[in-house]
Amino acid sequence: MASTTSARSAPPAIAAPTGPAGAGRLLARARAARPAPEPRPAHARPVLLAILVVAAVLFAWDIQHSAFHAFYSETARSMSESWWGFLFGSFDPGNSVTIDKLPGFLWPQALSVRIFGFHPWALTLPQVIEGVLSVAILYRAVRRWAGENAALLAAGAFALTPAVAGLFRTEVEDPAFTLCVLLAGEAALRAARAARLRPLLAAGAWVGLGFQAKMLEAWAVLPALGLLYLLSAPATLRRRLAHLSAAGALCLAASASWVLLVTFTPAQDRPFVDGTTNNSAVSQVVGYNFVNRFSNLHVDAADTGSVAVSTMAGTAPAPPTGHTRPTAAQWVKMFAPSIVSQIGWLYPTAALATVCGLVWRRGRPRTDPLRAGFVLWGVWLVTYFLVFSAGAIGGHTYYLGVVAVPLAALFGAGTVQFWRGWLRGGRSRAWALPTAVVGTVAWSAAIAELFPDFLPWLAPAAVALAVVALALLARGRSAARSRGAVGGGPVTGSGAAVDSGSVARAGGRTARRRTALVGLGAGLVAMLLPSAAWASSVLDPAYGHSGMGSTGPVVNRHRAVAHHPKPPGKGGHTGHQAADRAYDGTALSPAQRRLLDYTRAHRDGAAFLFATTSWRTASPYILHAGAAVLPMGGFTGTAPTPTAAGFRHLVATGQLRYVVLGGPATDPGRAIGPWVRGHCTPVPGQAYRLYRCAPESAGAGPGARG
């Protein structure tokens, strides 16, 4: 740690030469101004390799027993069935309705299914790869900014964050999103160091790709990236603003690409956009997935063209959006037990690092790269902290991966700065290292006590290690002081004076450093142990597959939501429950297989095998057979797809011949169900309420019966 690579000074701004050869001279000067890469310490590669191996083990452990994720797994399979469904993110193989988000995060999963076949592990594998890449990119970004040891600490802290260990083994959108914004941050750091446009454009493009995975949440990183470049790039203000404008334009174009594709594709040639009432991708992104998640904005869903609820069909609806007043509890959400245990173990060190990094670097030139990095990660952390405090998180622990990025970066760089301050011995900075150890360990012990039955040894072990660390750090300082007080020395036979005090002081400094280094190691273990212990719970089958990115005992609160919950016992679902009493979700039940075989045998060229009143009823047929089943109502059960007129058109044109009634109630199901019962013929011998709808029945009057 004592040999930590210091942050390099930023090169001076390069004035743009004029004349015919100006461009060539400018390029030559820019290349000359780039600092030569510094040699890496001998320990760097082995330690980085070990961190990446640990990360891969945590992310991939027991991958063969991964579980399907509700709604996403069906969509990934449907996207793998056709390139048209792949492009638009179709939930069903018949391409009737999209997923309720942009489909970018599922593109790697669909490609994996095409390569390896449809298995749970094939859906999880892309997230594992994205996770290992994220650790490597964070290391690279922090190394460029704060040096080798800071980068290793940041990468290790990131991999050992519980939310990260759970995130990159879960089939959700945030792994791809986290990787994209990390790549954007790394590119922005490169751009700011030498005022280079190309990496800044790359940062904008990466944010745009992140938008395809997480929509407007990707834009929350833009204030941090913009401030980094605006405040520290070695160029004139006009040039900095011009570069930021170009990168912003590219970011906007990349972000809007899928939305524009959907907007300019005729509605009859693409799936219905889920989460909306007007079949608009803009409404899905801005209304359903943004405005609706912030109840304190007081905007009605109807005004945004989106559905009013965001909960799964057949579950208790959340309060209507636009009418909930913010409460004080909302702004301390990130300190709730189920969240702080997944992401918050290093809050104290990150906060202290941000403050010290900015205060200690005051008075430096505007282009100081180390201070600029603290601005980047500090603004990143505060922005997402506020976003998640104001928005809805629920049980979605995997949302928090983007918060783990700045926490880990600040922990790594902050610890290195604290260590340097301790070695220099000045009172103005030596206090920071022990303060960080004490504050972080005390905070971690308090979090551990919120779950007294889980790893009860954790808090005492961390406290004991912290005590050892403080004792060694104090001993190193006192030993150095006592040795430094030794006076002058004797004269040798040759007449040369030997300053025994200098020798003693040199030996004292060496002993001081060794003792303090051991204390630092103990302190690092004490600070990281609680987080690592929770992260390692993914190695236990009891905690390994929450489906929501959770680890430890929080898993049991979230698992049932993510892994295909069974239909509730009210609202006319008893027929389905009786038919599927032994159904465990790993394959079609015998009754479902009979229904599928019958409709396939009597399909008569129809585009859809049959329709269901809910995606949850259609789910097993899509998941385990890739069947072209028509779901109604989208994810929430309230999207107007298909409409009553559209449904009758499908029947009249022979595209749909069978309908299964029952299951979770949806708005289209309530509207279409009476028509089916009045115009279609029940099919005997099935465990489900299966109806056959002849094309001529769609042209009958309201009172006619099939």
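Re the overall build of the protein
Inference 1: Per the secondary structure count, the protein includes 27 helices and 5 strands.
Inference 2: Taking all 706 residues of the protein together, 55% fall into the buried category.
Inference 3: Excluding contacts between residues fewer than 6 apart, the proportion of contacts in the protein whose partners are at least 24 apart in sequence is 72%.
Inference 4: Total accessible area computed for the protein in this model is approximately 28100 Å², and 64% of it derives from carbon and sulfur atoms.

As for the nonpolar core
Inference 1: If you look at the biggest cluster of nonpolar residues, it comprises 182 residues, and the most contacted ones within it are Leu 138, Trp 145, Phe 158, Trp 377 and Trp 380.
Inference 2: No other element matches the 15 residues that helix 17 (residues 401–424) contributes to this core.
Inference 3: In contact with Trp 380, not counting residues within four places along its chain, are Val 181, Leu 182, Gly 185, Val 221, Ala 224, Val 402, Val 405 and Pro 406.
Inference 4: Phe 608, Leu 630, Phe 647 and Val 676 belong to the second largest nonpolar core, which has 17 residues in total.

Overview of the sheet that holds strand 1 (residues 610–612)
Inference 1: Strand order in the open sheet made by the 5 strands is 2-1-3-5-4, with mixed pairing throughout. Here the strands that pair on one side only, and so sit at the sheet edges, are strand 2 (629–630) and strand 4 (681–682).
Inference 2: Here 4 bridges tie strand 3 (residues 658–661) to strand 5 (residues 689–692), and the two strands are oriented antiparallel to one another. The partner of Leu 661 across the bridge, within strand 5, is Arg 689.
Inference 3: Strands strand 3, strand 4 and strand 5 of the sheet are contacted by helix 27 (residues 667–679), whose axis makes an angle of about 120° with strand 3.

Observations regarding the packing of aromatic side chains
Inference 1: Counted by the stated rule, this structure contains 33 aromatic pairs.
Inference 2: Judged by centre distance (5.5 Å) and plane angle (75°), the ring pair of Phe 335 and Tyr 347 falls under edge-to-face. A residue pair is termed long-range when its members are at least 10 positions apart, and Phe 335 in the loop between helix 13 (281–288) and helix 14 (337–343) and Tyr 347 in helix 15 (residues 347–360) qualify at 12 residues.
Inference 3: Residue class for Phe 335 comes out partly exposed when judged on its relative accessible area of 39%.
Inference 4: Accessibility expressed as a relative area gives 9% for Tyr 347, which makes it buried.
Inference 5: Seen from their ring centres, Trp 345 and Trp 534 are 5.9 Å apart, and the 50° between their planes marks the pair as tilted. Of this pair, Trp 345 sits in the loop between helix 14 and helix 15 while Trp 534 sits in helix 21 (residues 500–535), placing them 189 residues apart in sequence.
Inference 6: On the basis of relative accessible area, Trp 345 is assigned to the buried category, the value being 1%.
Inference 7: We classify Trp 534 as buried; its relative accessible area is 1%.

Digging into the environment of Thr 170
Inference 1: With respect to the helices and strands, Thr 170 occurs in the loop between helix 8 (162–167) and helix 9 (174–194).
Inference 2: The exposure class of Thr 170 is buried, given its relative accessible area of 5%.
Inference 3: Put simply, Thr 170 and Gly 547 are 377 residues apart on the chain and 5.8 Å apart in space, counted from C-alpha to C-alpha.
Inference 4: Beyond its immediate sequence surroundings of up to four residues, Thr 170 is in contact with His 69, Gln 127, Pro 175, Gly 547, Met 548 and Gly 549.
Inference 5: Of note is the side chain of Thr 170, whose polar atom sits 2.5 Å from the backbone oxygen of Gly 166.

Focus on the confidence of the model for the protein
Inference 1: On average, residues of the protein score 85 in pLDDT, and 82% of them are at 70 or above.
Inference 2: For residues 480–498, every residue scores under 50 in pLDDT, and the model assigns this stretch 25 contacts once sequence neighbours within four places are set aside.
Inference 3: Low confidence marks residues 567–575, where pLDDT is under 50. Its contacts with residues over four positions away, or in another chain, come to 17 contacts.

Some remarks on a nonpolar patch on the surface
Inference 1: Together, Leu 49, Val 53, Val 57, Trp 61 and Leu 539 make up an exposed nonpolar region whose accessible area comes to about 440 Å².
Inference 2: Relative to the helices and strands, Leu 49 resides in helix 2 (residues 44–60).
Inference 3: The class of Leu 49 is exposed, set by a relative accessible area of 55%.

Some thoughts on the pairing of strand 5
Inference 1: Relative to strand 5, strand 4 runs antiparallel, the two being bridged by 2 bridges. Note on strand 5: the bridge partner recorded for Pro 682 is Tyr 691.
Inference 2: With antiparallel pairing between neighbouring strands as the criterion, strand 4 and strand 5 make up a hairpin whose turn holds 6 residues, including Gly 685 at a positive phi of roughly 85°.

Some points on the side chain of Ser 444
Inference 1: Secondary-structure assignment places Ser 444 in helix 19 (residues 432–448).
Inference 2: What Ser 444 contacts, discounting residues up to four positions off in sequence, is Trp 345, Met 527 and Pro 530.

Notes on the state of the cysteines
Inference 1: In this structure the tally under the stated criterion is 1 disulfide.
Inference 2: Note on cysteine connectivity: Cys 680 is disulfide-linked to Cys 693, with sulfurs 2.0 Å apart. Linking Cys 680 and Cys 693, the disulfide has an S-S dihedral of approximately 105° and is accordingly described as right-handed. Here Cys 680 is found in the loop between helix 27 and strand 4, whereas its partner Cys 693 is found in the segment after strand 5, with 13 residues between them in sequence.

Digging into the packing of helix 26 (residues 644–652) against helix 27
Inference 1: Closest axis-to-axis distance for the helix 26/helix 27 pair is 10 Å, and the angle between their directions is 40°. Between helix 26 and helix 27, the angle falls in the class oblique. In terms of crossing hand, the pair formed by helix 26 and helix 27 is right-handed. Of the residues in helix 27, those touching helix 26 at Ala 644, Phe 647, Arg 648 and Val 651 are Ile 672, Trp 675 and Val 676.
Inference 2: Considering only residue class, the contact of helix 26 with helix 27 consists of 6 nonpolar, no polar and 1 charged.

Observations regarding the side chain of Gln 342
Inference 1: Turning to its location among the elements, Gln 342 is positioned in helix 14.
Inference 2: Here Gln 342 falls in the buried class, since its relative accessible area comes to 0%.
Inference 3: Side-chain polar atoms of Gln 342 contact the side chain of Ser 341, separated by 3.3 Å.
Inference 4: If sequence neighbours within four positions are ignored, Gln 342 has contacts with Thr 161, Pro 162, Ala 163, Thr 397, Trp 534, Gly 549, Ser 550, Thr 551 and Val 554.

A word on the packing of helix 12 (residues 237–263) against helix 13
When two helices pack together, you describe them by how their axes are tilted relative to each other and by the distance separating the axes.
Inference 1: With their axes 8 Å apart at the nearest point, helix 12 and helix 13 run at an angle of 135° to one another. If you check the angle between helix 12 and helix 13, you find them oblique. On helix 13, the residues that touch Trp 258, Val 259 and Val 262 of helix 12 are Ala 281, Val 282, Gln 284 and Val 285.
Inference 2: Grouping the amino acids of the contact of helix 12 with helix 13 by side-chain chemistry returns 6 nonpolar, 1 polar and no charged.

Calculation rules
Residues numbered from 1 in each chain as written. Predicted model: local features only at pLDDT ≥ 70, side-chain atom pairs only at ≥ 80, totals over all residues. Heavy atoms only, no water. Helix = DSSP H or I, 4+ residues; strand = E, 2+ residues; numbered from the N terminus. Buried < 20%, exposed > 50% of the residue type's maximum accessible area, 1.4 Å probe, protein only. Contact = heavy atoms within 4.5 Å. Areas by Shrake-Rupley, 256 points an atom, 1.4 Å probe, with all protein chains shown as cover. Core = buried A, V, L, I, M, F, W, Y, C linked by side-chain atoms within 4.5 Å. Pairing = 2+ DSSP bridges. Axes fitted to C-alpha atoms, helices over the stretch in contact; angles between N-to-C directions. Phe/Tyr/Trp six-rings, centres within 6.5 Å; stacked < 30°, edge-to-face > 60°. Polar contact = N/O pair within 3.5 Å; in protein donor to acceptor, adjacent residues only side chain to side chain. pLDDT = per-residue confidence, 0-100. Patch = residues over 30% accessible without salt bridge, like charges linked within 9 Å, V, L, I, M, F, W, Y side chains within 5 Å. Salt bridge = Lys/Arg side-chain N within 4 Å of Asp/Glu carboxyl O. Disulfide = S-S within 2.5 Å. Parallel < 35°, antiparallel > 145°, perpendicular 65-115°, else oblique. Left-handed = near helix turned anticlockwise from the far one by under 90°. Nonpolar A, V, L, I, M, F, W, Y, C, P; charged D, E, K, R; others polar.

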